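Structural overview for review
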Amino acid sequence: MQRGNLDDLVAFVAIGRERSFTKAAAKLGVSQSALSHTIRELEARLGVRLLTRTTRSVSPTEAGERLLHTLVPRFEEIDAELAALSELREKPAGTIRITATEYSVDAILWPKLAKFLRQYPDIKVEIVSDPGLTDIVAQRFDAGVRSGEQVAKDMIAVRIGPDIRMAVVGAPSYFKDRAEPKQPQDLIGHSCINLRLSTHGGLYAWEFEKGKRELKVRVEGQLIFNGTTQMLNAALAGFGLAYVPEELAQPHVDKGRLKRVLEDWCQPYSGYHLYYPSRRQSSAAFTLMVDALRHRS
């Protein structure tokens, strides 16, 4: 393949990822007009339109989507190999991007990373809090953190925390004029504080288990958040019931600020795992970080 052809494909992938000529041009360090000319030449050479352009957006055609699907994984493999080679130095270095839930960052990830990063000042970590099930490959994250049940089968999963137990809690003032729910179905008559999953925009269904019975309840209420801390604060203020990790709620329960209900329906489940693609070429920095995060019971 001629060098010019490869450069054209690199330009096309940049536009496909950014969905913008402006952002892609800035990333590549070229002008928008030069980038447009490159794509026109590539489309003319291939004899097929790759991108659909409007005044507001850029999106790949069916042929463009097919080419992106082929090129992106291969370019990522090349980038990973080059990154691995660059880290054959005395000090592990590089940037690691992780997506995780707000609670897992505060309770598990950050306490361990704080110790780890002091030992390796050349390693940089970017953490993005997101309650949704982020596609780490499509969003170009190196790894994600979710509970064991949420990790896809084609991913490598490393346990980084103990089992988790959820708790349904509300302020004493909330229960002043309301009966406590005795079973999950009773939540239908209560004001519940919802969690929005940003990945696909849906609301999280509260999950319960007792014996062999498993239930998912879609609750209703006045408030919706996309963060666990905000849900807890709303419950403390008496706005309804919240479904949050037990460790987060327990200090407030102990002090009488919150009352716990449906405790026998909230069973422990698999703790947080760090997960990443099985085909990922692990760098020295990434390998060290995984070992530092690993849960040791």
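As a reminder, the structure under discussion sits directly above these lines.
Now for a description of the structure that goes with this document. (Residues numbered from 1 in each chain as written. Predicted model: local features only at pLDDT ≥ 70, side-chain atom pairs only at ≥ 80, totals over all residues. Heavy atoms only, no water.)

Further remarks concern the overall build of the chain. Regarding its fold elements, the chain presents eight helices and 14 strands. With the C-alpha coordinates aligned to their principal axes, the bounding extent of the chain is approximately 75 × 50 × 35 Å. By residue count, 41% of the 297 residues in the chain fall in the buried class. If you sum the accessible surface of the chain, you get close to 16,600 Å²; carbon and sulfur atoms cover 50% of it. Here the chain carries 41 positive and 36 negative side-chain charges, and the mean point of each set is 2 Å from the other. (Helix = DSSP H or I, 4+ residues; strand = E, 2+ residues; numbered from the N terminus. Buried < 20%, exposed > 50% of the residue type's maximum accessible area, 1.4 Å probe, protein only. Areas by Shrake-Rupley, 256 points an atom, 1.4 Å probe, with all protein chains shown as cover. Lys, Arg positive; Asp, Glu negative; His and termini not counted. Charge placed at Lys NZ, Arg CZ, Asp CG, Glu CD.)

Our next topic: the sheet that holds strand E14 (residues 272-277). Spatially, the five strands line up as an open sheet ordered E4-E3-E5-E14-E6, and their pairing is mixed. The outermost strands of the open sheet, each flanked by one partner alone, are strand E4 (123-129) and strand E6 (155-159). Adjacent strand axes in the sheet meet at a mean angle of 30° when their direction is disregarded. Contacting strand E3 (94-100), E4, strand E5 (143-147) and E14, helix H5 (residues 102-119) runs over the sheet at an angle of about 175° to E4. The strands touched by helix H8 (residues 284-293) within the sheet are E3, E4, E5, E6 and E14, with E14 carrying the most contacts at an inclination of about 160°. (Pairing = 2+ DSSP bridges. Axes fitted to C-alpha atoms, helices over the stretch in contact; angles between N-to-C directions. Contact = heavy atoms within 4.5 Å.)

The next thing to look at is the pattern of salt bridges. In this structure the tally under the stated criterion is 15 salt bridges. Glu 18 is paired through a salt bridge with Lys 27; the nearest N and O atoms lie 3.6 Å apart. In this structure, the salt-bridge partner of Glu 263 is Arg 165, at a minimum N-O distance of 3.9 Å. Of this pair, Glu 263 sits in the loop between strand E13 (259-261) and E14 while Arg 165 sits in the loop between E6 and strand E7 (166-170), and the two are 98 residues apart along the sequence. (Salt bridge = Lys/Arg side-chain N within 4 Å of Asp/Glu carboxyl O.)

As a further point, take a nonpolar patch on the surface. There is a patch of nonpolar side chains on the surface, built from Leu 6, Val 10, Leu 28 and Val 30 and spanning about 270 Å² of accessible area. Mapped onto the secondary structure, Leu 6 falls in helix H1 (residues 3-18). Under the relative-accessibility criterion, Leu 6 is labelled partly exposed at 35%. (Patch = residues over 30% accessible without salt bridge, like charges linked within 9 Å, V, L, I, M, F, W, Y side chains within 5 Å.)

Residue placement: Tyr 272 occurs in strand E14. Residue class for Tyr 272 comes out buried when judged on its relative accessible area of 9%. In sequence terms Tyr 272 and Lys 112 are 160 residues apart; their C-alpha atoms lie 13 Å from each other.

What follows covers the pairing of E7. In terms of residue burial, E7 counts as a mostly covered element, since five of its five residues are buried. Of the two faces of E7, the one holding Met 166, Val 168 and Gly 170 and the one holding Ala 167 and Val 169 are both buried throughout. With four bridges connecting them, E7 and strand E12 (residues 242-245) associate as antiparallel partners. Paired with Val 168 across the two strands is Tyr 243, which belongs to E12. Where E7 lies against E13, three bridges are found, and the strand directions are antiparallel. Across the sheet, residue Val 169 finds its bridge partner in E13, namely Arg 260.

Moving on, we get to the nonpolar core. Counting residues in each nonpolar core, the largest one holds 39 residues, and the members touching the most others are Leu 109, Val 168, Leu 187, Trp 206, Phe 208, Leu 274 and Met 289. The set of elements that each furnish at least two residues to this core consists of E3, H5, E5, E7, strand E9 (206-210), E14 and H8. For this core, the element with the most residues is H5, which contributes six residues. Those residues in contact with Trp 206 that sit more than four places away from it in its chain are Val 168, Leu 187, Cys 192, Ile 193, Asn 194, Leu 215, Lys 216, Val 217, Val 219, Leu 241, Ala 242 and Tyr 243. Core analysis: the second largest hydrophobic core is formed by 19 residues, Ile 15, Val 58, Leu 71 and Val 72 among them. (Core = buried A, V, L, I, M, F, W, Y, C linked by side-chain atoms within 4.5 Å.)

What follows covers the pairing of E14. Counting buried residues along E14, six of its six residues qualify, which places the element largely inside the surrounding structure. Note that E5 and E14 share four bridges and pair antiparallel. Note on E14: the bridge partner recorded for Ser 147 is Tyr 272. The pairing of E6 with E14 spans five bridges and is classified as antiparallel. In the sheet register, Ile 156 faces E14, and the bridge partner there is Tyr 276.

Shape is all these values report; function is a separate question.
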